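Residues per chain, in single letters:
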Amino acid sequence: MDIDFVVTGNLTIDDVVTADGTISPSQCGGNGVYAAVGAWVWSDSVGLVAGAGSDYPAGWLDRIAAAGIDTSGVYRLPEAHALRSRVFYRPDGSRTDRVAEADLAPEVAAQIDLSQDFSAMGSEVHLEAWPRYSPALTQLPDHFRRARGVHLAPGPHANLHDLAAGLRAASGSTVLTLDWPWWDETGTEFNDELLNLVTAVLPGREELTAWPVRADADATLAGLVRRCPVVVVKEGADGCSVHTREAARRVGVVPVEPGDPTGAGDAFCGGFLVGLARTGDPLLAAAHGAVSASFIVETFGALNALAVDRSLAEQRLKNLITTLDGGSPS
């Protein structure tokens, strides 16, 4: 049976320290799994494609599958799982993945192994390992290829282009969403071939000025809008802005008691995918994404969000829609 919604991306093992000092070592994370959970909030037909090292916890994959996410697209690599992430949040909400042991409280340093530089995005270790864990078109199961919607989490440009082109060929009506592939920036201003294949691109606010060639966020955004029908800029606790060639509108966040914001942007992407495929309305799709993100923010790790009450999701969506330009989105 074909899967309705598919996410391609990464699995990571995360060490997280929140601004209030809460420590959550070795939790299940990664843009792929968070986006899949974000889509799962709204659909019972979600598939995940990602690479897992030989020692990646089978129990985590079992829990993901038990919730109803199809993990037949998860492929094993014959090596210890090399994609790990350390996230340290500052009181102002910003984050870093590079912290010296001397800068940590003793109770934090005792729980997190800082002996290897495997976590920092853009480090030599990360850039060498990342392509192996980023799905290619050949790794999509046949029953994933005719999905109603597919979200492409960050990956090497070549992989993303082949995935988008292959999915377009298999089903021209597929909704394709793209989280900006900033880890593989090659210096060109835009990958026009890739942007022309996708329905929506969803960069984070900081990614609009991530490279010297894109120092002007407004110019970057204008360029994206010219090339892609829908651009959604994720802005963390400030919500998001939804841009089409006709208009720009804002969607706020769902107010929840904060736990760990790690993965919220990825969960937003998964929710947005389902919302856009179902409604055709980017603003309503962003509201779906905001609700998905809210369940991630109020807990720790991707797995704990798999206990979501979907009736609560519908209620949160209804409440959020009332805030959209008088509650009557087009």
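Everything below is about the structure printed above this text.
Description of the structure in this document.

Things to note about the pairing of strand 9 (residues 175-178)
The side chains of a regular strand alternate, first on one face of the sheet and then on the other. The side-chain alternation of strand 9 yields two buried faces, one formed by Val175 and Thr177 and the other by Leu176 and Leu178. Of the pairings in the sheet, the one linking strand 8 (residues 149-152) to strand 9 comprises four bridges and is parallel in character. Across the sheet, Val150 pairs through a bridge with Leu176, a residue of strand 9. With two bridges connecting them, strand 9 and strand 10 (residues 200-201) associate as parallel partners. In the strand pairing of strand 10, Leu178 is matched with Val201.

Focus on the pairing of strand 8
Side chains of strand 8 alternate between two faces, with Gly149 and His151 and Val150 and Leu152 buried alike. Of the pairings in the sheet, the one linking strand 1 (residues 5-8) to strand 8 comprises four bridges and is parallel in character. Counterpart to Val6 in the pairing with strand 8 is Val150.

A short note on the side chain of His288
With respect to the helices and strands, His288 occurs in helix 9 (residues 282-297). From its side chain, His288 meets the backbone oxygen of Leu284 in a polar contact 2.8 Å long. Setting aside residues up to four positions removed in sequence, His288 forms contacts with Trp42, Gly271, Gly275, Thr279 and Leu317.

Remarks on the pattern of salt bridges
This structure, assessed with the given rule, holds eleven salt bridges. Between Asp2 and Arg146 there is a salt bridge; the shortest N-O distance is 2.9 Å. Taken together, the residues Asp2 in the segment before strand 1 and Arg146 in the loop between helix 4 (124-129) and strand 8 connect sequence positions 144 residues apart. Assessed through its relative accessible area of 33%, Asp2 is described here as partly exposed. Judged by relative accessible area, Arg146 falls into the partly exposed class, the value being 45%. Between Glu235 and Arg250 there is a salt bridge, and its shortest N-O distance comes to 2.8 Å. Of this pair, Glu235 sits in the loop between strand 11 (230-234) and strand 12 (240-243) while Arg250 sits in strand 13 (residues 248-251), and the two are 15 residues apart along the sequence. The class of Arg250 is partly exposed, set by a relative accessible area of 43%. Among the charged side chains, a salt-bridge network with shared partners connects Arg205, Glu235, Asp238 and Arg250.

Some details on the nonpolar core
Counting residues in each nonpolar core, the largest one holds 60 residues, and the members touching the most others are Leu11, Ile69 and Phe272. Broken down by element, this core gets its largest block of residues, ten residues, from helix 9. Non-local contacts of Ile69, meaning those with residues more than four positions away in its chain, are made with Ala36, Val37, Trp40, Val46, Leu48, Ile64 and Leu306.

What to know about the sheet that holds strand 8
Adjacent strands of a sheet form backbone hydrogen bonds with each other and so pair up, either parallel or antiparallel. Strand order in the open sheet made by the nine strands is 5-4-1-8-9-10-11-12-13, with mixed pairing throughout. Only two strands of the sheet have a single partner each, and these edge strands are strand 5 (69-77) and strand 13. With four bridges connecting them, strand 12 and strand 13 associate as antiparallel partners. When the bridges of strand 13 are listed, Ser241 appears paired with Arg250.

Rules used throughout
- Residues numbered from 1 in each chain as written.
- Predicted model: local features only at pLDDT ≥ 70, side-chain atom pairs only at ≥ 80, totals over all residues.
- Heavy atoms only, no water.
- Buried < 20%, exposed > 50% of the residue type's maximum accessible area, 1.4 Å probe, protein only.
- Helix = DSSP H or I, 4+ residues; strand = E, 2+ residues; numbered from the N terminus.
- Pairing = 2+ DSSP bridges.
- Polar contact = N/O pair within 3.5 Å; in protein donor to acceptor, adjacent residues only side chain to side chain.
- Contact = heavy atoms within 4.5 Å.
- Salt bridge = Lys/Arg side-chain N within 4 Å of Asp/Glu carboxyl O.
- Core = buried A, V, L, I, M, F, W, Y, C linked by side-chain atoms within 4.5 Å.

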